[in-house]
Each structure stands twice: as structure tokens, then as C-alpha cells.
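Next come the chains, spelled out residue by residue.
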Amino acid sequence: MTEPDRVTVNGPRGPVNNGGGPQNIFYGAGPDWMFRKGVESLRIVREDRMRLADRFVPPVGYRVAADRLEKPGSVVLLEAPPGSGRRAAAVMLLHELGEDGGDDEGDRFEELPATGKDEVPLAPGEEDRFLLDLSGIIDEAEYAEAQHHLAVLRSQVHEAGAYMAVVLPSGMEHAHAPDLEPHTVTLGRPRGIAVVTRYLRMDRMAFRPADLDCPDLQLLCAGSPMRELARLTGLVRAARDSGRFGTCFAGWLDQAMHAVTDRAGEVGRQVATVRTTPERALLLATAMFEEVRADTVYEAWHSLMRTVRHEEEATTELARTDFRERLAALEIERDPDGRLRFERLAYADAVRRYFWANFPGVRDDLRDWIGRAAGLRGLTTDDRVNVAIRFGERSLAVGRPDHLFDLVVRWADSATGTSCDSRAVAALELGLSHERFGGWFRKRVYECVRPGPLSDGLVRVLTAACRQNLGATHPHQAMVRLHYLAVRKGEAAREAREALLDLGGRDRRLYRLLIDRLRYRVHREPRGAEPHLRLLAELLTSERAPDPPPWPDLFLGWETVFSQPPTELWKPLVSSWLIATAADSTREMALDVMVGATRGRAAALHRLYTIACDWAGTTRRPSRAATVAALFWQHIDHAQYTRTETAERADAGPQTTEEAR
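Time to look at the packing of helix H21 (residues 491–504) against helix H22 (residues 508–524). Interaxial distance between H21 and H22 falls to 7 Å at its minimum, and their mutual angle equals 130°. It follows that H21 is oblique to H22 by the angle criterion. Between H21 and H22, the residues in contact are Leu 500, Leu 503 and Gly 504 and Leu 510, Tyr 511 and Leu 514, respectively. When the residues that make up the contact of H21 with H22 are grouped by side-chain class, the tally is five nonpolar, one polar and no charged.

And the structure:
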């Protein structure tokens, strides 16, 4: 059976006015280290759409596209060049159709996978909204498969009265199916200066329109991708917040402009003049460990030279150029707290970009170096995570997701006790959130969690990433992966079980999906059914069920539990609903549904009766407990009577017409 890996987007943080390639501003929820640049998140929850709405500048043709989506069942296909904000436009078209539903069964806002592989059936509801981003497709065969998938989705969306916006790949116009043309709208590029102005105002930047009249900025706004304009405004904000570049907008903008336009050339010229291994290694070590204490950077620097097999000088350290002089020669400053940083804004980022782009032969060495150096004793947790993210950004930028995943496994396997390695979690979440390689990481995680040996440390990291990242962006895929982890043995697997059950209780759709998945596993794998059955029994308790309870789904789940040993799983399950019914009379339906789920089996009914007796004798509210237990017994008696009557009729054989009268 195909694993039900459906892509659902209903969790935090996403891009604004993004084009193809990496996003340079990453908005996240939670710890500060989640607020990163360098990746494009696929998350498009409501808070992020609201943020996007505040900054969004409609591109040319946007109103035409909005008109195409006016009626329920509509689909619009967007054709636009990379960097024009085409994905952001698709998100906004769907967002402006209406607000999210206020309850579990409200209309959805989901991103769908580019192809139908490993997908749970869509089952759209009326006014649900779907995004299908095909912009990353560059292969004609893959595009042909995606168009077949698109045709199926269009039909389902139309029949359900839902909505769908599709971002078409650039440069594949010759491969478009003819039937796409009537639904296609071509978008132009929004005015770059309008985008910059909007971003700056939302960042509460004090400036005058005349401050944006400089020719260099106008040129940048005229041709740069939206992600670069977003990066520019982020650097203006960084210059202001650092307190190192004056107090006026013009100075901040000047620094940001230089960072965007000149840094690559400046780094190239510096590296050309810095010819020795120690100098270049110190330049890169500082870029990777910027804002870290000097002594720790010193250790990282020497670790890098050992990794690239640089021969130490024969003289003693006291006879060499001292560390302060080396730093000064490279224009690296030491702040009053002893932390190292470059004098120029965003220079460290430019140095990292330069080395990964222009020294491909040492990338394996850099991976091994960071694998060790990110664990230096002088680093704080935030320092370690920053280093992991910086390495990940560069590895993904040069198309080496395997390097990043290698370190995830290495760091996770080295964790001791019950700790979860923060570097590994941050690196894995970076990969899962990446526009280009997110699918690669989801597949790699899936391959990891399948039966096979895993360290407890890696189980914990995979669990954390599924809970915090994949559970928000692709909850159905997170459920599949957590399920594999949850049925393993050990304390780490217990954490995965809790994460799985929490995810399943998030909303009614996920709850229903998890019940179905567990029931399927119980029936498919009778010899190995117990771990799945235990998960199902816990999921079906009153504490885990949505409110109001989905009785048809509970019936199916209870039916599976009551048809299988071991019966010790029944007591906590049944008792939880007896307690819930005693506290809330609206849940009395559980008693009837639970009895019905036994299908009238005498042994099962007797077991329920015994559980109710034990519960009634130990509860702290004897009068209410007696009432609930008596009602439960009535349902059991009725089921037994019905079963007996049916059996007697069967024994009596067929009746004649006259006897029936």
C-alpha cells in the first residue's frame, strides 16, 4: 500500500514576494535561532499570510488572475519569470478569497506536492484553497507527469467547489498542454521601488521618498529578484539595529547597498591578496564563527588548518605573527566582549559564499571541519546552531544536501543521555524548509525511519524535526514518519509516540487519518500488530479525541481494539470515556457507540461490564458513577438481548408466510 504522504501546509512561517532560489529572509516561530536567512520556507500559515499581505505589492496582471478565481471550483495558472514574486502572488490570490475556518472542519489552505506520488487522496471540501507550485520543475518528463497530476487535481477542485492557484515552471512554455491555455494568466514584475518602500515602512523605518532616489538603488530595484530586494531591506534594518553605522537612514541604506552590490568583489580582491593557508583559513573561520569569542575562533582556525592538512610552521608560536596582528591584517575586529566580527556589514556572509563557490575541492574537508568544530567547548548553544545553519546555507546553495544530512546524523549519533542535539535539529529543519531540497530531505527522513538500526539520538532529532517543522508544513508526511519511529523500542521511541499522538489530535482530519492508518497496520500485520494497537487504544481515549467527538471514527477505532488481544488495553480506554461521561452528559453517546463496536461478541460485552464495575467501585463520585455505569450496563444488556434474539431466530430456521403473520 502506498504510504499516505500528503502535503498539507498549515504551520508557521513563510516567505514574502519570493522568486526562485533561496530566500534571504526566514521568518520563524520559537527560539531566536529559528529566525534565519538563507532558506525559503514552504510554510504558509495564516500569520505569515497576514505578514505577506502587509508587504505585498501586486504584480502586473494580478487583478486578471483574481477574477479567474472568483467562482468556487476555479483554478488559475500563473506564468511569470523567476524572481517576480510569482509564488507570493499565488499565495495572496488564495488568501484574499476569505479567512480560514474557525474550527477543525473549516476550509483548508494547503500546499500540494508537484506530483501524485505517495499522496493521500485530496478529498477537497467546498471553499478549500490549494497551492500547487511547479516552479522548481526543469525536466520535461517530470513536467509531463506533473501536468497529469494537475489535470486530476483540477477536476477534484472543480467538483468540490474549492480553489487552486498553480505556479507554472519558467522556460517550459513549449511543453504546456493545450488545455492549460484558457486558465493561464501571465504576470509581470511588480515595481521594485514600491516593494522596497513597502518593506521599509513595515519595518518602521524613518525615511523620505527622496531618500530612495539614488541611481544605484533605482537600478537595483529595476532588475533584481524580489528576494534580493527583501534582503536589501533586511540589511538596512540590520545596519540600523547594530548601532555601528550611524543614526540616519542614508547611512544605513548606503551600507546595505554596498553589502548587496559590492561584497562579492571585495571578498574576491581580499582573497587574491591573501595567499597563505593560515590567512585564508582564519578569514573563513571568522566568517563561520562570527560573533564568537576570539579564543574559540582561534581553536576553530587551527582545527581547519589540520583538516586541510596544513603543515605547522617549524618555529614556536612566540616567534610567529601574533593573533591580534593577523586579525588586523584581515580587517577583523574584536569587540569589548572579546567576540570577533568583520568591520563591514554582511561581509562574513559574502566570505562564506565565496569560499563555497570558488573552492569546490575542499567542500568535503569543510564538512568534516564543521562536524568537529561546531562542538568546541567555548561555544554556546546559540553559537553551535548558528554555525550549523551557516554551513547548511552554503551546502544547499552549492547543491550538496548530502553534506548537511551527513552532519545531522553525525551530531545526532554523538548525543549523550536523553538530550536532543540542537545543531542536528536546526540543520535538519533548514533542509526540510528549503524550497529546492525540501523534498530531498523529506524522502531522506522517510528512508531513515523505515525499519533498521537508529541511534536514540537520531530518533530524537527526527522526532523533533517532524514535530516542530514537518508537522507544521506537511503534517500527513510527518505522521507517516513519526509512526515508524513510534513503534520502535526504547525511551526515544516513547517521545515519538507522544509526538505522533499530539499531531493526530491537532484537528479532525489528522485524527481520522491516524485512526485509519493504525487500523490498517493492525489488520495488515497481525503478528506485529501490538505496537500499532497500543497507539490506537491511546489515541481513542477521551483525552485525545477532538471536541465534539467524531463518533463514526471512534466507532471504527474501537471496533478494531475490541476485536484484538490484549484486553488489558481496554481498561484505560473504556475508563477514560466513563470518566468523561460522568463529567459531561453530552458524551453519553460514547457508551452506546462503544458497546456497538463490540459487534455483540459475548466475551467483549462481558469484559466491558467488568471494567464498568471496577470503575464504579473506585471513582470519587459514587452517585454519578453509579448512574453512568447503570446506563452503560443497559446498553450492554440490550446488545446481549439483541444478540440472543438474533441467534434464536437463526436456530428456528426460515418461517413460512403464514407463520410470519
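So, about the packing of aromatic side chains. Within this structure, the stated rule accounts for 18 aromatic pairs. Between Trp 356 and Phe 391 the ring centres are 5.9 Å apart and the planes differ by 70°, which places this aromatic pair in the edge-to-face class. Of this pair, Trp 356 sits in helix H13 (residues 347–358) while Phe 391 sits in helix H15 (residues 381–397); the two residues are 35 residues apart in sequence, bridging distant segments of the chain. Looking at Trp 356, the relative accessible area reads 1%, which means it is buried. With centroids separated by 5.4 Å and ring planes inclined at 40°, the aromatic side chains of Tyr 609 and Trp 633 adopt a geometry described as tilted. Separated by 24 residues along the polypeptide, Tyr 609 in helix H27 (residues 602–618) and Trp 633 in helix H28 (residues 622–652) bring together distant segments of the chain. Looking at Tyr 609, the relative accessible area reads 35%, which means it is partly exposed. When the ring centre of Phe 109 is taken as origin, the NZ or CZ atom of Arg 49, which lies over that ring, is 3.8 Å away.

Take unusual backbone geometry next. Cis peptide bonds are those with omega within 30 degrees of zero, and the linkage from Asp 547 to Pro 548 qualifies with 5°. Within the secondary structure, Pro 548 sits in the loop between helix H23 (530–539) and helix H24 (551–562). A positive phi angle, close to 60°, is found at Ala 346, a residue other than glycine. Inspection of the secondary structure assignment puts Ala 346 in the loop between strand E7 (340–342) and H13.

Counted according to the given criterion, the structure contains 36 salt bridges. Close ionic contact of Glu 111 with Arg 87 constitutes a salt bridge, the shortest N to O distance being 3.1 Å. Taken together, the positions of Glu 111 in strand E2 (residues 109–112) and Arg 87 in helix H3 (residues 86–95) put the pair 24 residues apart, joining distant regions of the chain. Each member of the pair, Glu 111 as well as Arg 87, is classed as buried. In this structure, Glu 559 engages Arg 599 in a salt bridge whose closest nitrogen and oxygen atoms are separated by 2.6 Å. With a gap of 40 residues between them, Glu 559 in helix H24 and Arg 599 in the loop between helix H26 (589–596) and H27 connect regions that are remote in the sequence.

This next bit is on helix H19 (residues 456–473). The first and last C-alpha atoms of H19 sit 25 Å apart over 18 residues, in line with the 26 Å expected at 1.5 Å per residue. Along H19, the largest kink reaches about 45° and is centred on Cys 466. With 15 of 18 residues buried, H19 lies mostly within the body of the structure.

With that settled, consider helix H7 (residues 226–242). Taking 1.5 Å of rise per residue, 17 residues should cover 24 Å, and H7 covers 24 Å from first to last C-alpha, within 8% of that figure. Along H7, the residues classified as buried are Met 226, Arg 227, Leu 229, Ala 230, Arg 231, Leu 232, Thr 233, Gly 234, Leu 235, Val 236 and Ala 239. Packed against the buried residues of H7 are helix H5 (192–202), helix H6 (215–223), helix H8 (249–261) and H13. Where H7 ends, the next residue or the one after it, Gly 243, has phi of about 75°, a positive value.

What follows concerns the confidence of the model for the chain. As a note on interpretation, predicted positions should not be read in detail where pLDDT is low. Across the chain, the average pLDDT comes to 86, with 88% of residues at or above 70. The secondary structure element of the chain with the lowest average pLDDT is helix H29 (residues 657–660), at 40, and the one with the highest is helix H14 (residues 363–373), at 98. Scored below 50 in pLDDT, residues 1–43 shows 185 contacts in the model against residues more than four places distant or in partner chains. Counting contacts from residues 101–106, a segment whose pLDDT is below 50, to residues more than four positions away or on other chains yields twelve contacts.

Secondary-structure assignment places Arg 352 in helix H13. Residue classification places Arg 352 among the buried residues on the basis of a relative accessible area of 4%. Residues in contact with Arg 352, not counting those within four places in the same chain, are Ala 287, Met 288, Arg 390 and Arg 394.

A few words now on the environment of Ser 414. Relative to the assigned elements, Ser 414 resides in the loop between helix H16 (401–413) and helix H17 (422–432). Separated by 42 residues in the primary sequence, Ser 414 and Asp 456 place their C-alpha atoms 9.8 Å from one another.

The parallel open sheet is built from five strands, whose spatial order is E2-E3-E4-E1-E5. Two strands in the sheet have a free side with no partner beyond their single neighbour: E2 and strand E5 (184–186). Mean inter-strand twist for the sheet, computed between neighbouring axes without regard to direction, equals 25°. Where strand E1 (residues 75–79) meets E5, three bridges bridge the pair, whose relative direction is parallel. Residue pairing across strands places Leu 77 opposite Thr 184, the latter belonging to E5. Across the sheet, H3 is in contact with E1, E2, strand E3 (129–133) and strand E4 (163–167); its angle to E3 comes to roughly 170°.

The subject of this paragraph is the nonpolar core. Grouped together as the largest cluster of nonpolar side chains are 129 residues, with contacts concentrated most on Phe 289, Trp 369 and Trp 558. Tallying contributions element by element places H19 first for this core, with eight residues. Once residues lying within four places of it in the same chain are set aside, the contact partners of Trp 558 are Leu 540, Trp 551, Leu 573, Trp 577, Ala 590, Val 593, Met 594 and Ala 597. If you look at the next biggest cluster of nonpolar residues, it comprises 29 residues, including Val 196, Leu 200, Leu 212 and Val 260.

The subject of this paragraph is the side chain of Thr 598. Its location among the elements puts Thr 598 in the loop between H26 and H27. Its relative accessible area of 0% is what places Thr 598 among the buried residues. Thr 598 has contacts with Phe 562, Ala 604, Leu 605 and Leu 608, leaving out every residue within four places of it along the chain.

Next up on the list: the pairing of E1. With five of five residues buried, E1 is to be regarded as a mostly interior element. Side chains of E1 alternate between two faces, with Val 75, Leu 77 and Glu 79 and Val 76 and Leu 78 buried alike.

What follows concerns the environment of Val 409. Mapped onto the elements, Val 409 comes out in helix H16. On the basis of relative accessible area, Val 409 is assigned to the partly exposed category, the value being 22%.

Moving on, we get to the pairing of E2. Residues of E2 alternate between two faces, with Phe 109 and Glu 111 on one and Glu 110 and Leu 112 on the opposite face, all of them buried. Two strands pair when backbone bridges link them, and E2 and E3 are joined in this way by four bridges, in the parallel orientation. Among the inter-strand pairings, Glu 110 is bridged to a residue of E3, identified as Phe 130.

Below, the discussion takes up the packing of H14 against H16. One can describe the packing of H14 onto H16 by two numbers: an axis separation of 10 Å at closest approach and a directional angle of 25°. Relative to H16, the element H14 is oriented roughly parallel. In this structure, the crossing between H14 and H16 has a hand that is right-handed. Every residue of H16 that contacts H14 at Arg 363, Asp 364, Arg 367, Asp 368, Ile 370 and Gly 371 is listed here: His 403, Asp 406, Leu 407, Arg 410 and Trp 411. Residue composition of the contact of H14 with H16, by class: three nonpolar, two polar and six charged.

Rules of the game
- Residues numbered from 1 in each chain as written.
- Predicted model: local features only at pLDDT ≥ 70, side-chain atom pairs only at ≥ 80, totals over all residues.
- Heavy atoms only, no water.
- Axes fitted to C-alpha atoms, helices over the stretch in contact; angles between N-to-C directions.
- Helix = DSSP H or I, 4+ residues; strand = E, 2+ residues; numbered from the N terminus.
- Parallel < 35°, antiparallel > 145°, perpendicular 65-115°, else oblique.
- Contact = heavy atoms within 4.5 Å.
- Nonpolar A, V, L, I, M, F, W, Y, C, P; charged D, E, K, R; others polar.
- Phe/Tyr/Trp six-rings, centres within 6.5 Å; stacked < 30°, edge-to-face > 60°.
- Buried < 20%, exposed > 50% of the residue type's maximum accessible area, 1.4 Å probe, protein only.
- Lys NZ or Arg CZ within 6 Å of the ring centre and 35° of its normal.
- Salt bridge = Lys/Arg side-chain N within 4 Å of Asp/Glu carboxyl O.
- Expected span 1.5 Å × (residues − 1).
- Bend = angle between axes of the 7 residues up to and from the residue.
- pLDDT = per-residue confidence, 0-100.
- Pairing = 2+ DSSP bridges.
- Core = buried A, V, L, I, M, F, W, Y, C linked by side-chain atoms within 4.5 Å.
- Left-handed = near helix turned anticlockwise from the far one by under 90°.

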